[in-house]
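Survey of secondary and tertiary structure
Residue-level listing of the chains:
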Amino acid sequence: MNKTVCELFAGVGGFRCGLNNIKTLEDTSKPEKWDTVWFSQWEPVDKKIQWAHDCYVNRFGTCLDLKGNDTTNCDINAVDKNDIPEHALLVGGFPCQDYSVASSLATSKGLEGKKGVLWWDIRDTLEAKQPPFVLLENVDRLIKSPASQRGRDFGIILACFRDLGYTVEWRVINAAEYGYQQRRRRTFIFAYREDTKYAGIMNKSTKYNRMFGIEMHRSSMGKTIYTAGFFAKSFPIVEEDYKKIRITELPKGIGELSENFSFPFENTGIMKDGIVYTVKTIPDYHGKQITLGDVMEENEVPESFFIPDAKLYYTNPDVTHSDETHERLPDESRKTWQYLKGAKKLPRKAATGHEYIFSEGAIPMIDEYDKPARTMLTSEGGFSRTTHIVRDKVTGRIRLLTPIEMEHIQGFPSDWTKECLVDGEKVEMPLNKRRFMMGNALVVNLIAQMEPQLDEIIGAE
């Protein structure tokens with residue numbers, strides 16, 4: 001089987017970089033191991049320039065659909081899925097704003113949200129093109145969304161795969177727990193059609209027989225989860241007693257599932273023939289740990305990235321908390337990184353009129369070199385508790401991350417997002433857009449680590 005790929009919600013090309021082991025800009029001039037036959041990237045908020053799409057095209061060029069049209073920058077809702085070229089592997093980091101860690105799970109709208117409904121475009125693509133293999137990425141809270149009906153959204157996704165004849169494995173992976181440079185937890189989904197050779201190989205190696213009862217499958221599913229499956233081979237885990245695996249059966253109808261289904265999915269599992277097997281697993285990694293210091297620039301950094309002393313501290317640098325229950329601090333003090341990242345107590349009033357004391361704990365003000373970077377969000381670079389501020393390696397002064405450092409934290413080549421191809425001309429991407437692109441991306445290293453398994457599986461079809 002040819003190694004052909006369709007990349008939905010492509011962003012700036014993280015899946016493609018990982019699959020083709022692209023580590024430098026020069027690597028894009030080399031023949032690609034995986035042939036991307038079509039991709040889709042469209043952002044409704046970018047009215048004038050589609051920065052992500054145009055960055056992707058600048059690095060890889062575009063793709064035409066089966067009718068010879070370039071529909072890569074169209075609203076995916078409006079794309080006729082039958083016009084997408086045939087492919088062996090469908091990949092995508094489908095939009096996750098409704099599940100984002102930037103907002104509380106309690107207010108997440110999940111599949112009912114404006115972005116969440118884009119799952120159905122993946123489902124429509126699966127139905128129209130029936131790709132043998134699928135690899136998707138989303139935020140870790142996908143498996144627990146929404147708060148009012150835990151696990152419903154993920155249950156719907158699994159049921160859609162079930163109805164289309166797929167088996168699904170999933171794993172929540174923290175990149176740092178496998179030695180990479182960012183503490184970023186994401187849910188990865190690997191699905192394969194039941195009529196593939198791989199499905200037959202898995203059934204034989206795990207001694208799976210659908211005629212057996214659910215409990216009798218515990219052993220074969222346990223073997224898949226811990227040693228034989230796609231994620232087990234790509235990202236080893238500590239093997240434990242199979243009796244810890246929890247089992248449930250998905251309701252037959254999507255409507256019934258949407259209304260009534262709730263289930264506490266764990267970070268690892270498999271769905272086969274509508275039966276879910278899930279267990280909490282522990283990474284088994286003992287290699288080198290890449291740190292923030294390893295990916296930081298050691299050259300001279302422009303002055304605009306440095307933070308003035310007046311914006312760093314409002315009092316003694318050793319102070320890590322503020323108490324405003326009796327008196328509010330001056331605005332100048334509150335507009336410092338020391339205040340923002342420190343612990344605090346301050347009075348607030350709820351919409352109902354109820355008065356209460358809001359409090360939050362301190363977080364490290366300066367991100368140190370000897371640990372992997374914290375999760376990078378789309379708000380990176382703004383005056384936010386989640387923004388990284390670091391000590392410059394050359395001057396020792398405190399500053400924000402550079403675009404190259406953000407690219408390195410996500411595993412992209414240096415200056416990957418520097419330029420876009422807009423109407424045939426090279427255009428420099430604004431700094432705020434480069435920050436957004438990296439906050440929205442995946443850790444490319446993880447896809448690169450999965451690639452050998454994908455190569456072996458699809459190559460054997």
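Just so it is clear, the structure is predicted and the values come from calculations on it, not from any experiment. (Residues numbered from 1 in each chain as written. Predicted model: local features only at pLDDT ≥ 70, side-chain atom pairs only at ≥ 80, totals over all residues. Heavy atoms only, no water.)

1. Observations concerning the sheet that holds strand S8 (residues 268-272)
The criterion, for reference: Strand pairing is assigned whenever DSSP identifies at least 2 bridges connecting the two strands. Each helix corresponds to a stretch of at least 4 residues labelled H or I by DSSP, and each strand to a stretch of at least 2 residues labelled E; elements are numbered beginning at the N terminus. Only the contacting stretch of a helix is used when fitting its axis, a line to C-alpha atoms as for every element, and angles between N-to-C directions run 0 to 180 degrees. The contact criterion used throughout is that any non-hydrogen atoms of two residues lie within 4.5 Å.
The strand order across the open sheet built from 9 strands is S2-S1-S3-S4-S6-S5-S8-S9-S7, with neighbouring strands paired in mixed fashion. Pairing within the sheet leaves two strands with one partner each, and these edge strands are strand S2 (35-39) and strand S7 (246-249). Strand-to-strand twist of the sheet, defined as the mean angle between neighbouring strand axes without regard to direction, takes the value 20°. The strands touched by helix H4 (residues 152-163) are strand S4 (133-139), strand S5 (166-174), strand S6 (185-193), S8 and strand S9 (275-279); relative to S5, the strand with the most contacts, the crossing angle is about 145°. Helix H6 (residues 218-228) contacts S5, S7, S8 and S9 of the sheet and is inclined by roughly 130° relative to S8.

2. Let's talk about the layout of surface pockets
Filter applied, for reference: Grid spacing is 1 Å over the protein atoms alone, the probe is 1.4 Å, and a cavity is where that probe fits but cannot get out, while a pocket is an open set with protein on both sides within 12 Å along at least five of seven lines and lining residues have an atom within 4 Å of a point. Grid points are joined across faces, edges and corners, and a volume is the space filled by probe spheres set on the points. Asp, Glu, Lys and Arg are counted as charged, while Ala, Val, Leu, Ile, Met, Phe, Trp, Tyr, Cys and Pro are counted as nonpolar; the rest, among them Gly, fall into the polar class.
Quantified by volume, the second largest pocket comes out at close to 270 Å³. Val172, Arg185, Glu266, Asn267 and Lys280 are, among the 19 residues lining the second largest pocket, the residues nearest its centre. Sort the elements by how many residues they give to the lining of the second largest pocket and S5 lands first, with 4 residues. Taken together, the residues of the lining of the second largest pocket sort by class into 8 nonpolar, 3 polar and 8 charged.

3. Examining the nonpolar core
Keep this limit in mind: What we call a nonpolar core is a set of buried Ala, Val, Leu, Ile, Met, Phe, Trp, Tyr and Cys residues that are connected through their side-chain atoms within 4.5 Å. Only protein chains enter the accessibility calculation, which uses a 1.4 Å probe; a residue is then buried when its area is under 20% of its type maximum, exposed when over 50%, and partly exposed in between.
Counting 108 residues, the largest nonpolar core has Leu89, Leu135, Phe161, Phe190 and Met450 as the members making the most contacts within it. Setting aside chain neighbours within four positions, we find methionine 450 in contact with Leu135, Ile173, Phe188, Phe230, Phe231, Ser234 and Phe235. Judged by nonpolar contacts, the second largest core, of 9 residues, contains Leu312, Trp337, Leu340 and Ile366.

4. Digging into the side chain of lysine 129
For clarity, the cut-off: Counting of polar contacts relies on pairs of N or O atoms within 3.5 Å, with two restrictions inside protein: one atom must be capable of donating a hydrogen and the other of accepting it, and residues adjacent in sequence are counted only when both atoms are side-chain atoms.
Along the chain, the position of lysine 129 falls in helix H3 (residues 119-129). Lysine 129 gets classed as buried once you look at its relative accessible area, which sits at 8%. Here the side chain of lysine 129 touches isoleucine 84 through a polar contact of 2.8 Å, landing on its backbone oxygen. Of note is the side chain of lysine 129, whose polar atom sits 2.6 Å from the side chain of glutamate 86. Discounting residues that sit within four places of it in the chain, lysine 129 has contacts with Leu66, Lys81, Asn82, Ile84, Pro85, Glu86 and His87.

5. Concerning the sheet that holds strand S11 (residues 343-349)
Taken together, the 3 strands give an open sheet; going across it, the order is S10-S11-S12, and neighbouring strands pair in mixed fashion. Both edges of this open sheet fall to strand S10 (321-323) and strand S12 (355-360), since each of them pairs with a single strand only. Shown here is a sheet whose adjacent strand axes are inclined to one another by a mean of 25°, direction ignored. Across 3 bridges, S10 lies against S11 in parallel orientation. Note that in S11 the partner of serine 322 across the bridge is lysine 344.

6. Some remarks on H6
Where burial is concerned, most of H6 is hidden: 8 out of the 11 residues are buried. Taken residue by residue, H6 has Arg218, Ser220, Met221, Gly222, Thr224, Ile225, Tyr226 and Ala228 as its buried positions.

7. Structural notes on the packing of aromatic side chains
In this description, an aromatic ring pair is defined by two values, namely the gap between the centres and the angle between the planes. Our working definition: A pair of Phe, Tyr and Trp rings is counted when the ring centres sit within 6.5 Å of each other, with Trp represented by its six-membered ring. The angle between the planes then sorts it: under 30 degrees is stacked, over 60 is edge-to-face, the rest tilted. Lysine NZ or arginine CZ positioned within 6 Å of the ring centre and within 35 degrees of the ring normal marks a charge as sitting over the ring.
Following the criterion strictly, the structure yields 24 aromatic pairs and no others. Ring geometry for phenylalanine 154 and tryptophan 170: centres 5.0 Å apart, planes at 80°, overall edge-to-face. Of the two residues, phenylalanine 154 is situated in helix H4 and tryptophan 170 in strand S5; the sequence distance between them amounts to 16 residues. Here tyrosine 226 and tyrosine 242 contribute two aromatic rings whose centre-to-centre distance is 5.8 Å and whose plane-to-plane angle is 5°, an arrangement assigned as stacked. Here tyrosine 242 lies in the loop between helix H7 (230-234) and S7 and tyrosine 226 lies in helix H6, a separation of 16 residues in the sequence. Chaining the aromatic ring pairs together yields one cluster made of Phe133, Phe190, Tyr192, Tyr198, Phe230 and Phe231. Cation over ring: lysine 272 sits above tyrosine 208, and NZ or CZ is 4.9 Å from the ring centre. Above the face of the tyrosine 369 ring, lysine 393 is positioned so that its terminal group lies 5.4 Å from the ring centre.

8. Remarks on the packing of helix H5 (residues 197-206) against H6
Rule in force here: Orientation is classified from the angle alone, with under 35 degrees giving roughly parallel, over 145 giving roughly antiparallel, 65 to 115 giving roughly perpendicular, and any other angle giving oblique.
For the pair H5 and H6, the least separation of the axes is 9 Å and the interaxial angle reads 110°. One finds that H5 runs roughly perpendicular with respect to H6. Listed contacts from H6 to Met202, Ser205 and Thr206 of H5 are Ser220, Lys223, Thr224 and Ala228. Class assignment for the residues of the contact of H5 with H6 results in 2 nonpolar, 4 polar and 1 charged.

9. Quick word on the pattern of salt bridges
The cut-off we apply is this: Here, a salt bridge means any side-chain nitrogen of Lys or Arg that lies within 4 Å of a carboxyl oxygen of Asp or Glu.
This model, assessed by the stated rule, comprises 31 salt bridges. The salt bridge involving lysine 81 is made with aspartate 121; its shortest N-O contact spans 3.1 Å. On the criterion of sequence distance, the pair formed by lysine 81 in the loop between helix H2 (51-60) and strand S3 (89-92) and aspartate 121 in helix H3 is long-range, its members being 40 residues apart. The exposure classification of lysine 81 matches that of aspartate 121, with both residues buried. The salt bridge involving glutamate 324 is made with arginine 334; its shortest N-O contact spans 3.0 Å. One end of the pair, glutamate 324, is in the loop between S10 and helix H11 (331-334); the other, arginine 334, is in helix H11, with 10 residues separating them in the sequence. Each member of the pair glutamate 324 and arginine 334 is classed as buried.

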